[in-house]
Structure formats: structure tokens, C-alpha cells
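Next come the chains, spelled out residue by residue.
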Amino acid sequence: MLKRSLLAILSLFLLAQYGWAQEERAHEKFKQLYEELPTPNQYHNAAGAPGHKYWQQRADYNIQVRLDDEKQRIYGKERIAYYNNSPDELSYLWLQLDQNVRAQGSDAQITEPQKIDNQMYSYQVMELFNDFDGGFKIEKVSGKKGETLKYTINKTMMRIDLDRPLKPGEKFEFDVKWWYNINDGIKTRARSGYEYFPEDDNYMYNIAQFYPRMCAYNAVDGWQNKQFMGRGEFTLSFGNFNLEITVPKNFIVGATGVLQNSKDVLSKTERERIEKARTAKDPVFIITEEEAKANESKKDEGSETWRFYASNVRDVAFVASRKLIWDAQGVQFGDRNVLAISYYPKECMGLWDKYSTRAVVHTLKTYSNYTFDYPYPVAISSHANFTGMEYPMICFNYGRPRPDGTYSERLKYGMIGVIIHEIGHNYFPMIVNSDERQWTWMDEGLNTFLQYLTEVEWERDYPCRRGPAYKITDYMGGDKNGIVPIMTNSESILQFGNNAYGKPATALNILRETIMGRELFDHAFKEYANRWKFKHPTPADFFRTMEDASGVDLDWFWRGWFYGTDHVDISLDEITHYHLNTFNPEQEMSMQKIWDAEDPTYIGDIRNKESVKQTVMERYPDLRDEYNDRDKYRVDEETQRNSLFAYQNLSTEEKEVLAKDYNYYQVDFKNVGGLVMPIIIELKYVDGSSEVRYIPAEIWRYNSNKVSKVFVTEKEIKEFILDPYLETADVERENNYFPRRRKPTRFEMFSPRQ
Ligand SMILES: [Zn+2]
């Protein structure tokens, strides 16, 4: 099972430990990230915190929109107050016109690679016929006094040229008037849009990116005016919003912010139910299924305006329909009562009334534990069967039961998971406001990580898709042509879900469970969230804060997991079992004799025993001399003397070690995957007991391909197991066992006559 050898003297293996030649590759893996990370400055400091001169822009909005339920259009006008908190003079302002991604001939459509496959989804075929007239129709851009402002539309961006530069500390107010056709959310599988319900002839609208918004201007990119291609999401400034939404009568509207005119648009009963919900133990219906059914059958003339106010948000979105059922439950944070809310049509009953608001409540509590108390007054989960998409205080989530009310297990957990995920996005990126257009992982990865921690508190054995290390191994061990580093711009990511959600979430989980430990990790992660809440962090701020607050050098980890595409595969290559030489030559020789006898015999020797009938020496025995009769295992007197002398030279401690007759195991590890990781090894003893030894990844710092380590034990070891608790994302487990384990499996035999 294990190879045995003699170990002559203690000093031999001590020498061996320092005998490695330093390799180029190893020191590169542990090189600090000076070349990859931007130089720290007064805006983003070396500790990963906002610097002493950190600043950020602010944009306040007064938005009035009218929802046209006949033509499925939004008509809007807005006044934007843009505050230049930067030290720079701005001679123009950039706005995002995100709806232009759906304008005919947009870059997003033109640059989407297309191919004909033998089998295609119907929507893929229909996309080839896209004639939807999307995109903002900008009607007017004017100053505060109504004077026309010069503007230039560049695809999904609009530049407004200022008559005179906006100086640091100044504010500029201007108006925009626009309209656009709302897309069919089901057909376009978009982030927002409408769904038509033919049975009752009603629309449900989940509306977002519906107004021209300020681009972010910051100390990292200047204007973040990277065009919207559809994937890299949004980069926005914080501000306060007054949002007025005019809808047909009988509509219910939910939006980012607090409803300001509930007396105008809600009945007394509905308002009382809201108050009751605040302290209720279970979700309370504000609009019941029966009431929603009554609403959807009414088509009263006239309209109503719902007014919302939201402070310190980066965006607003809303849901509107006659069909909405509405339930709510309060969550207490100190003396603040936050309303968890769900909106959904009757088609969702059986699933949404049961789980949606409860998932919102649970998510707010869990995320708050790991970051900071949820700071907004409401958190809304709105049903949209075509998407899972997040906005401040409101998100759109899929998951609808079958028409008979039943649902699959997969749908149920998909729906709970997406609600946790999208509500969780309030933290990343709505509050910890990273640049989504550049870095998808900064919000999706961190959010998926917290989603996992939230799911495991929802239900034991929750079928989590992402988070545990072992779930990422297929991706990381896959074809490297299909893998790019996490630190890849949002538009160029391959395998989007694995790259920007799964791998970073797993990496954080590994930091938490294995590299840093829960205490150090949780402290540092919380520090990052608190440093950057309501601010704009960059990847370097995250990397630096996690190190700075934990005292753990993680550059090697960021390098391997975030800047590289290597995978983890550490192999237990060889194990050599030693005992110390006893200094008793006779005992050593008798052991040698036994081991020699166990050696295999050469085939010729075996055959010659039979075939050579008589040798010369057998025929003439008197030819034999001392060499023929020598016992090679006999110990001569000189050897005896030397051994005794050597023994007497040992110190008392050395003699004690010798007397103990320990087991010495030299274990040789090979780094097959390339990613350096801690070595976690379980030693299983012959007596049935076992222990796990943890060796930090720095073991690889001299040689990242091969390392050896000596384990000294009193008890004999019968098996070594690498990564026994599946915590390092090791993609090949067969080489994690010594001796190798056979994988029990089956294959099938069947008759060709079947
Ligand atoms: Zn997400």
C-alpha cells in the first residue's frame, strides 16, 4: 500500500525542505497586483476605501409619465437637476437613452452574431423579423426657462451641450420630453415590457429604463458613456426622485419610493390594510384576488395619477395593471418599519401569495445581517413572467404556476431563488453602486454569493444552484476556449452565468469557508458594503478592502480566481512511508531481508530453477570459497561499533524521538490545474480515527507545480484524502485519494434483438 524506506538521520529530511529551486511561475502566482490594479489616489485610496477627496455626482429627477394602455406607450417629461460635485468644469452632459437598444438598426441588434441551426426556437426565428419600432422619440430638450438646448444623439447616448461650462459645485436644471413604444416583454424576453392577457383583455406593465437618465461622471472613467449593447447593465448616479405615473382608472401601480397620495388612489380599507400589514406576522392582502378580478373586468373612463417619492436612489421603475393582487408585510429595522410587498396577477395564485412576500422579508433580514440594515422604506417583488430584473426598491420576477395552479419543484425554487436574488440586488448594485456596464461580477457575483447564504437559511437542503465550491468544477475544468477571466468587460463575457455569477460567488464562498474563515471574511465583507453604500466602488476597492480589513494577503487569490482561467486540480502523487533507522544494524538488516524477500522475482530466474538441471558449482562443491557462502545480511563488528558511536552522539531529545518510532510520511503533491489553493488533507488512521490538516496556499510559493510535505504521526495512516469536504473546487477527485479509490459504477448490456 505505502512505500517503505529507511530514513538514516533526522537532518536529512530537514535539508530536503529547503532544497527546492525557485521557479518563475510560482513567484508570479504570488506577485502583488501592482500592475493589474489602478494606482491608489485621493478618490479611491490604497486601503480600498473612498479617499479623502472622494466625490460623486448627483442627479435629482421630477418625472411625469402617462401610460397609454391603448397603444402601449409611455409619454413622459422630466426635469433633471444635475449637481456637479466634481472638481471639473463640464461643458457638456451625457444622458443614457437605454430604450434605443430596441430602435431599428441599433448596434445591439446589428452586432448580435446570428446563425441558422437545424433546430431553432421559434423566438429565435421571429427575432430575424424584428420590425418593432422601439427607442426613445425625443421631442424636446430645453432649459429651465424653456429655451431649447443643443443636443446630439449618439445611439444609446445623448449629449447636451451647455452654453457655458458647469462649474464645480454648480447645478444645472433642464427638461426633456419624450415618448416610446413599450416592447412586448414575452416576445423580446427583455428586462422590462408588457404582457398581454387575452382571456381578460388586459395588459400588465413592468416598466424600467423608461426615461432619459444621466450617465455617471466619476474620477475613474470621466463620463461613463459606454454604449448600451444590452448586456452590460447600468452605471448611474444617486439622487432624489419625484415620480408621477398617470394610468387608466382601476389600475394599481407599484413603484420605487413611497406613495405620496394614497388618499387619492387607495380606498380607506386598503390604507387600513397597509397599516395592519406593517406589524402582521404573515403577509396581508391589500388587494385580494377577488378585488383584482373585479378591477380587471372594469374598464372605467378616465385616469388617475399615482405620485411616488424616493430619496437617494440611482433609478426608478414601476409596475402597473388592472390585474394586480397586492400583499404586504412589515419588517422592523430598529425603529424603522420597511414594507415588503408583492404584486402579481391572479394567474400566480397558489405560488406567489404563498412565497413571494415571505421571500422578500427573509432576504431583507439576511442581507442586512451580512451588510447593513436595509435603508429604503419598501421592497417590492413584482411578477413578470419574462424576466428576473432588479431596480431600487422594486424588482420583476418570473415563476408562474400552470393554469391548473400546480407547479414543478424546479419552478418553485426558481421563483423563490429569483426573488431572493433580485431583492438582494438592492444591496449590490443599487446601494453599493458599482459600475455594471464595466463589471457584471461586481453586482451579480456578490449578490449571488449572498443569495446562496440566504437560500441556506430559507430551507435545509435548499437546491442551491450556485455557491458551494463543488458546483463550479464542471465550468472551471471545461474547455478553456470558452472561458474568460472574471475581470472581463460585461460585453465580452463568455458563459455569462458561470463567469459573472457562479464563479465569483463560489470564490467568495471559498474565501469565507476556507481561506479567510467566516469571522475574518464576514467582517471584511461588511466593511466593504458599509464603506461603499451609496457610493461607487471599483473592483480594486473590493479587492483592497477584503485584504485591508482582514489582514489576509489575497493578491494570489484575486490573481488566480479573478484575473485567470486556471482551475483547481491538486493531485496526491506519491506517498512514501518512512521510519527512522533504529541504530541497531542487526534489526535493520533483518528487516531488509524481509523486504528483499517481498521483491518480485525475474522471470528468467524462475524458469532457470527448473531448466538448469545442475550448475558447475553444484557439480564441484569444493570450488566454493568465502564469497559463495557469504550472508549479505550479517552485520560485522565495525558496523556495530559505528552504529553505537552514532547513537551515543544523539542528544536526549533526539533519542526520545528515536524511541517513539514515529511514522514519517512524505506526501508529494502536484498542481495539475494551475490554480494555487490551500492543501486540505485528511489522514485516516488504521485504528479508524482521522484528522484534517490545513496548509495555506502559500505552500506553493516556491514551486507552484510540485510540493512535498512531511507528516509525522504516532499512528499508522491507511488513507490520505485531499479536500475531504469539497471546499476547494478541485475538478478531478480521483487523484485526491491515496491509495486511489475505485469509482463504483455500472454499464449496461442489452440484446440487439430487443
Ligand atoms: Zn442579478
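Residues numbered from 1 in each chain as written. Predicted model: local features only at pLDDT ≥ 70, side-chain atom pairs only at ≥ 80, totals over all residues. Heavy atoms only, no water.

**A look at the confidence of the model for the protein chain**
And step 1. Across the protein chain, pLDDT averages 94, with 97% of residues at or above 70.
And step 2. The low-confidence segment residues 1-23, where pLDDT is below 50, has 48 contacts with residues more than four positions distant or belonging to other chains. (pLDDT = per-residue confidence, 0-100. Contact = heavy atoms within 4.5 Å.)

**So, the coordination of the zinc ion**
And step 1. Listed as protein donors to the zinc ion are His421 (NE2), His425 (NE2), Glu444 (OE) and Glu444 (OE); their distances from the metal cover 1.9 to 2.6 Å.
And step 2. Classification of the site at the zinc ion as irregular follows from its four donor atoms and the range of 55 to 152° in their angles at the metal.
And step 3. As a motif over one chain, the donors of the zinc ion read H-x3-H-x18-E. Remark: Glu444 occurs in helix H12 (residues 441-458) and His425 occurs in the loop between helix H10 (409-424) and helix H11 (426-431); sequence separation between them is 19 residues. Neither residue differs from the other here; His425 and Glu444 are each classed as buried. (Donors = N, O, S within 2.8 Å, 3.2 Å for Na, K, Ca; no water. Tetrahedral: all angles 85-135°; square planar, octahedral: opposite > 155°, others 65-115°. Helix = DSSP H or I, 4+ residues; strand = E, 2+ residues; numbered from the N terminus. Buried < 20%, exposed > 50% of the residue type's maximum accessible area, 1.4 Å probe, protein only.)

**What about the UniProt feature "domain: Peptidase M1 membrane alanine aminopeptidase" (unreviewed entry) in the protein chain?**
And step 1. Cross-referencing UniProt, the feature "domain: Peptidase M1 membrane alanine aminopeptidase" (unreviewed entry) maps to residues 362-561 in the present numbering.
And step 2. Helix and strand shares over residues 362-561 are 52% and 6% respectively, and the end C-alpha atoms of the span are 30 Å apart. (UniProt positions renumbered as here; feature names shortened; annotations may be inferred.)

**Side note on the pattern of salt bridges**
And step 1. Evaluation of the coordinates by the stated rule reveals 43 salt bridges.
And step 2. Lys346 serves as the salt-bridge partner of Glu347, at 3.2 Å between the closest nitrogen and oxygen.
And step 3. Salt bridges here are not isolated pairs; linked through shared partners, they connect Asp200, Glu296, Lys323, Lys346 and Glu347. (Salt bridge = Lys/Arg side-chain N within 4 Å of Asp/Glu carboxyl O.)

**Let's talk about the nonpolar core**
And step 1. Counting residues in each nonpolar core, the largest one holds 195 residues, and the members touching the most others are Phe174, Phe542, Phe557, Trp561 and Phe669.
And step 2. When residues of this core are assigned to their parent elements, the largest contribution, eight residues, is made by helix H9 (residues 352-370).
And step 3. Discounting residues that sit within four places of it in the chain, Phe557 has contacts with Ala507, Ile510, Leu511, Ile515, Phe562 and Met677.
And step 4. Counting residues in each nonpolar core, the second largest holds seven residues, with Tyr578, Phe583, Leu658 and Tyr662 among its members. (Core = buried A, V, L, I, M, F, W, Y, C linked by side-chain atoms within 4.5 Å.)

**Describing the sheet that holds strand S23 (residues 389-391)**
Consider a sheet: its strands pair through backbone hydrogen bonds, and that pairing is either parallel or antiparallel.
And step 1. What the six strands build is an open sheet, ordered S17-S20-S21-S22-S24-S23; its pairing is mixed. If you trace the sheet from one side to the other, it starts and ends with strand S17 (284-287) and S23, each paired once. Averaged over neighbouring strand pairs, the angle between their axes works out to 20° when direction is ignored.
And step 2. By the bridge criterion, three bridges tie S17 to strand S20 (residues 325-333) in an arrangement that is antiparallel. Looking at S20, one finds that Phe285 is bridged to Asp327.
And step 3. Helix-sheet contacts for helix H7 (residues 268-278) involve S17, S20 and strand S21 (336-344), and the interaxial angle to S17 is about 155°.
And step 4. Together, S17, S20, S21, strand S22 (378-383) and strand S24 (394-397) form the strand contacts of H9, whose direction differs from that of S20 by roughly 25°. (Pairing = 2+ DSSP bridges. Axes fitted to C-alpha atoms, helices over the stretch in contact; angles between N-to-C directions.)

**Quick notes on the domain arrangement of the protein chain**
And step 1. By the assigned domains, the protein chain splits into domain 1 (3-26 + 571-599 + 618-738), domain 2 (58-113 + 120-438) and domain 3 (439-562).
And step 2. Spacing between the C-alpha centres of domain 2 and domain 3 amounts to 27 Å.
And step 3. Of the roughly 3500 Å² buried between domain 2 and domain 3, counting both surfaces, carbon and sulfur atoms make up 60%.
And step 4. Among the residues domain 2 hides against domain 3, the three largest losses belong to Arg231, Tyr370 and Phe428. Together they make up 21% of the total.
And step 5. For the pair domain 2 and domain 3, the number of links is zero salt bridges.
And step 6. Put simply, domain 2 and domain 3 have 26 residue pairs in polar contact (both at pLDDT 80 or more) between them.
And step 7. Contributions of two or more residues to the side of domain 2 that touches domain 3 are made by H9, H10 and H11.
And step 8. For the side of domain 2 that touches domain 3, the element with the most residues is H9, which contributes nine residues. (Domains from an automatic or database assignment. Buried area = accessible area lost by both parts, 1.4 Å probe. Polar contact = N/O pair within 3.5 Å; in protein donor to acceptor, adjacent residues only side chain to side chain.)

**Remarks on the sheet that holds strand S15 (residues 252-255)**
And step 1. Pairing within the open sheet is antiparallel, and its four strands lie in the order S9-S10-S19-S15. Strands with a single pairing partner mark the edges of an open sheet, and in this sheet they are strand S9 (193-197) and S15. Between one strand and the next, the sheet's axes are offset by a mean angle of 10°, whatever the strand orientation.

**Quick look at H12**
And step 1. Across its 18 residues, H12 extends 24 Å between first and last C-alpha, which sits within 8% of the 26 Å expected from 1.5 Å per residue.
And step 2. Here H12 lies mainly inside the structure; 15 of its 18 residues are buried. (Expected span 1.5 Å × (residues − 1).)

**Topic: the side chain of Thr256**
And step 1. One can find Thr256 in the loop between S15 and strand S16 (258-259).
And step 2. The class for Thr256 is buried, based on a relative accessible area of 0%.
And step 3. At 3.1 Å, the side chain of Thr256 forms a polar contact with the backbone nitrogen of Ala317.
And step 4. Excluding its chain neighbours within four sequence positions, the residues that come into contact with Thr256 are Phe308, Ala310, Val313, Asp315, Val316, Ala317, Pro392, Met393 and Ile394.

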